[in-house]
Amino acid sequence: MKTIGIFFGTETGTTRLISKKIQKKLGDAVAAKPLNVNRISVEDMLQYDALILGTPSYGVGAIPGRSAGCQEASWEEFLARAGTPDFSGKRIAFFGLGAQERYAERFANSLFRLYETFAGFGAEIVGSWSTEGYSFEHSAAVQDGRFVGLVIDERTQGMFTNDRLDAWLAQVAPLLLEKIAEAA
């Protein structure tokens, strides 16, 4: 498809809200309507050459889903249905939610699990994000001194969300659009 696909898993609705903000900031001509992974198949995702994937952090650093305590199906169930799809040739940027004060010892760990999974499917990953301005003890999502994607803490740093989204989208949108142009 000639737009960026946006897909998310959610438990409380915050990841859905952030996905909708991202789509609105990018615009209808650039990004498709965000879709919850509990309502799609892997084929729906594979039709896009460039994607933004979002996840809450739920459980102790696991992929969010029922076994991590979620009430609704999320990434865990989607990935179980997906099997081992081939995402080579796809470019993906990730964002994840976390609560750095409440879960300082495992801040945004689910973001890393999702990143690791799609990297294993052959996807090209873009959009790492600085850890500057966050306060936490440990995060599996920090690789080589940076988060593997944008991290949003709506609980304690909601006042930074729009600025962080704008800065991150300025970084990743050209890379995602470049991939769409290459595939056309």
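Scroll up a little and you will see the structure.
Thresholds applied
Residues numbered from 1 in each chain as written. Predicted model: local features only at pLDDT ≥ 70, side-chain atom pairs only at ≥ 80, totals over all residues. Heavy atoms only, no water. Helix = DSSP H or I, 4+ residues; strand = E, 2+ residues; numbered from the N terminus. Contact = heavy atoms within 4.5 Å. Buried < 20%, exposed > 50% of the residue type's maximum accessible area, 1.4 Å probe, protein only. Salt bridge = Lys/Arg side-chain N within 4 Å of Asp/Glu carboxyl O. Pairing = 2+ DSSP bridges.

## What to know about the environment of Phe118
Position of Phe118 relative to the elements: it lies in helix α4 (residues 109–120). As for Phe118 and Lys90, which are separated by 28 residues in sequence, their C-alpha atoms are 9.9 Å apart. Once residues lying within four places of it in the same chain are set aside, the contact partners of Phe118 are Met45, Leu53, Trp75, Phe78, Leu79, Phe87, Ile92, Phe94 and Ala123.

## Side note on the environment of Leu169
Take Leu169: it is sitting in helix α6 (residues 161–183). A relative accessible area of 7% means that Leu169 is categorised as buried. Note: C-alpha distance between Leu169 and Gln100 (69 residues apart in sequence) is 22 Å. Ignoring any residue separated from it by four or fewer positions in sequence, one finds Leu169 in contact with Ile22, Lys25, Leu26, Ile52 and Pro174.

## Some points on the pattern of salt bridges
By the definition in use, this model includes six salt bridges. For Arg91, the salt bridge goes to Glu178, with nearest N and O atoms at 2.9 Å. Linking Arg91 in strand β4 (residues 91–97) with Glu178 in helix α6, this pair joins segments that are 87 residues apart in sequence. You can call Arg91 buried: its relative accessible area is 6%. Residue class for Glu178 comes out partly exposed when judged on its relative accessible area of 39%. The shortest N-O distance in the salt bridge between Arg106 and Glu105 comes to 3.0 Å.

## Overview of the sheet that holds strand β8 (residues 146–147)
Read from one edge of the open sheet, three strands run β6-β8-β7, paired in antiparallel fashion. Each end of this open sheet is capped by a strand with a single partner; those strands are β6 (129–130) and β7 (142–143). Alignment of β6 against β8, held across two bridges, turns out to be antiparallel. The residue of β8 that forms the bridge with Ser130 is Arg146.

## As for unusual backbone geometry
Excluding glycine, residues mostly have negative phi values, and the peptide bonds linking residues are mostly trans. In the Ramachandran plot, Ala108 falls in the positive-phi region, its phi being about 55° despite a non-glycine side chain. For Ala108, the position within the fold is in the loop between β4 and α4. Its identity as a non-glycine residue notwithstanding, Asp144 has a phi of 55°, on the positive side. Within the element layout of this structure, Asp144 appears in the loop between β7 and β8. The class for Asp144 is exposed, based on a relative accessible area of 82%.

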